[in-house]
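Listed below are the residues making up each chain.
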Amino acid sequence: MAETFKVPVESITENSSAENIERWDSFGFLQLVTDLEETYNVSFDETELLRMSSYQSIKAILEGKGIEVR
Amino acid sequence: MKYDKYLRHYEDKDWRAFKQMVQRMYGPRYIFTNKRFVDWQHRHNGSPSSLCLIDFAGELKGVLGSIPLNLNFLGRDLSAWCYANIRVDPELRRVGLGVALIEFGRTPGKLVYGMGHSDEMTSVYRNLGWRSDIRLNRYLKVLNTANVERLKTVDAPLTAERKPVENGFSQNSCTQVHAFDEDMDDFWLAVRDKYPITINRYSTYLNWRYADHPMIPYKIFVHRAPDGSIQGYVVVRIEDSSGYRIARIIDFVSSDDSELPLLQHVTAYGERNDVDLVDFFFSGDFHVSSLLSAGFVKNDAAGHETIPMLFNPIDRTRKTVNFAYSLPTEELRLQGDAPYKWYVTKGDGDIDRPY
């Protein structure tokens, strides 16, 4: 996520979301989905895409797919 | 693109769901609920695929309507697309489906431009690498000062009209026509170098766009030289909204000598028909000298700047018409990335309608 949005890793916290990351706009989100799908070899369905609005929600969705998120 | 599975072209079987989406996203009476209009603009425009849809979780959630056009691009013909209408469910905008729709609707390698979009869309176009910082000029001529005074929100006078400059051609040579014939093709070939980048105004296009419009009865005035050859034309829509009658100049192409007679003719027509205000939106500096001679004033003049551009209902939030373009190759960018070379009017997209 830090790589996609070009911010320091330490700035990504449990509270990170589109509200507080400048580059998290529609373009940034599109890139994030692409990066996550390629990195973890997963895909997201419609419901998951709409839920992915914060670090916490993305982490929960990835963990639901059996992926451990640090 | 990751989202391709959610994007597709409109098909006839979509009409019912499409109309429901439009009513939900735009309002119950929006023009896209009229099948005649949709068919005319997006099904009978020479392309079978100029409406793109977002089909997300079994429901239509967004639309991109574009119009295929043939441009005069610095003396050569170039096919292009005008993005006339885009709307995406806000939730899906957040996840990037609006961006994906714009890219999906684009034919690779084709020049594309858009008009009348929101400021938010201006940012999206900019992020996609478009030139998006352009706004159309608006020139106005007030015919009924007492009535138009009531539209102002500032205490500044409406600028006095300039005395028109006479020239060689009389406005009496202007006539109203109801279709464009082949003489128009000859005229366009003779005049098109004056407009470096613009839609090719051949009769086929002009008839589709104005003469055969399914809903709007445009007034088309043509100016001829003494030998009968066409020297220019102007397309006007008369709008009666909110207690005002406005003459909108939608398209205007003319040889230099015929600019003023055509504008004077529109003014005289407006005066005879109780028009309060004439206005004209366009890009570049085309016809400005004649507009000023005919008594038009740019809308940055005191008194004119607060006259609304939308009258049905009166809406003071929209103050400009945004314009953006994307040139797909370095060669086109080198030649055409100069807003002053572009001549677009309200006739280019689908922003010319009173509803």
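Structure shown above.
Below is a short write-up of the structure. Note that this is a predicted model, so its numbers are computed, not measured.

About the thresholds
- Residues numbered from 1 in each chain as written.
- Chains lettered and ligands numbered in written order.
- Predicted model: local features only at pLDDT ≥ 70, side-chain atom pairs only at ≥ 80, totals over all residues.
- Heavy atoms only, no water.
- Helix = DSSP H or I, 4+ residues; strand = E, 2+ residues; numbered from the N terminus.
- Rg over C-alpha atoms; globule rule 2.2 N^0.38 Å.
- Buried < 20%, exposed > 50% of the residue type's maximum accessible area, 1.4 Å probe, protein only.
- Areas by Shrake-Rupley, 256 points an atom, 1.4 Å probe, with all protein chains shown as cover.
- Lys, Arg positive; Asp, Glu negative; His and termini not counted.
- Charge placed at Lys NZ, Arg CZ, Asp CG, Glu CD.
- Core = buried A, V, L, I, M, F, W, Y, C linked by side-chain atoms within 4.5 Å.
- Contact = heavy atoms within 4.5 Å.
- Buried area = accessible area lost by both parts, 1.4 Å probe.
- Salt bridge = Lys/Arg side-chain N within 4 Å of Asp/Glu carboxyl O.
- Polar contact = N/O pair within 3.5 Å; in protein donor to acceptor, adjacent residues only side chain to side chain.

### So, the overall build of chain B
Each helix and strand counted, chain B has 11 helices and 17 strands in total. What you see for chain B is a C-alpha radius of gyration of 21 Å, in line with the 20 Å of a compact globule of 355 residues. Projecting the C-alpha coordinates of chain B onto the three principal axes gives extents of approximately 65 × 45 × 35 Å. Looking at chain B as a whole, 58% of its 355 residues are labelled buried. Looking at chain B as shown, the accessible area adds up to about 14900 Å², and 48% of this sits on carbon and sulfur atoms. Between the mean site of the 45 positive side-chain charges and the mean site of the 46 negative ones, chain B shows a separation of 6 Å.

### Things to note about the nonpolar core
Judged by nonpolar contacts, the single largest core of 85 residues is most densely connected at Phe18, Phe32, Tyr113, Ile249 and Trp342 of chain B. A total of six residues in this core trace back to one element, the largest contributor, which is strand β3 (residues 59-73) of chain B. Leaving out residues up to four positions away in the same chain, phenylalanine 32 of chain B has contacts with Trp15, Phe18, Val22, Phe37, Val38, Gln41, His42, Leu51, Val63, Asn85 and Asp350 of chain B. Counting residues in hydrophobic clusters, the runner-up holds 44 residues, among them Leu62 of chain A together with Trp81, Val95 and Ala100 of chain B.

### With respect to the interface of chain B and chain A
How big an interface is tends to be expressed through the accessible area that disappears when the partners come together. The partner chain A presents 16 residues to the 16 residues of chain B that form the contact. Of the roughly 1400 Å² buried between chain B and chain A, counting both surfaces, carbon and sulfur atoms make up 68%. Counting the surface chain B buries against chain A, the share from its top three residues, Lys2, Tyr3 and Arg94 of chain B, is 40%. Remark: the boundary between chain B and chain A carries zero salt bridges. The tally of links between chain B and chain A comes to two residue pairs in polar contact (both at pLDDT 80 or more). Looking at the side of chain B that touches chain A, the elements with two or more residues in it are α3 (90-94) and α5 (119-127) of chain B.

### Some words on the side chain of lysine 341 of chain B
Residue and element names in this part refer to chain B. As for its placement among the helices and strands, lysine 341 is situated in the segment after α11 (330-336). Despite its burial, lysine 341 pairs with no opposite charge, the nearest such side chain being aspartate 337 at 9.2 Å. Here the side chain of lysine 341 touches glutamine 335 through a polar contact of 2.8 Å, landing on its backbone oxygen. Setting aside anything within four residues of it in sequence, one finds lysine 341 in contact with Leu74, Pro196, Ile197, Phe286 and Gln335.

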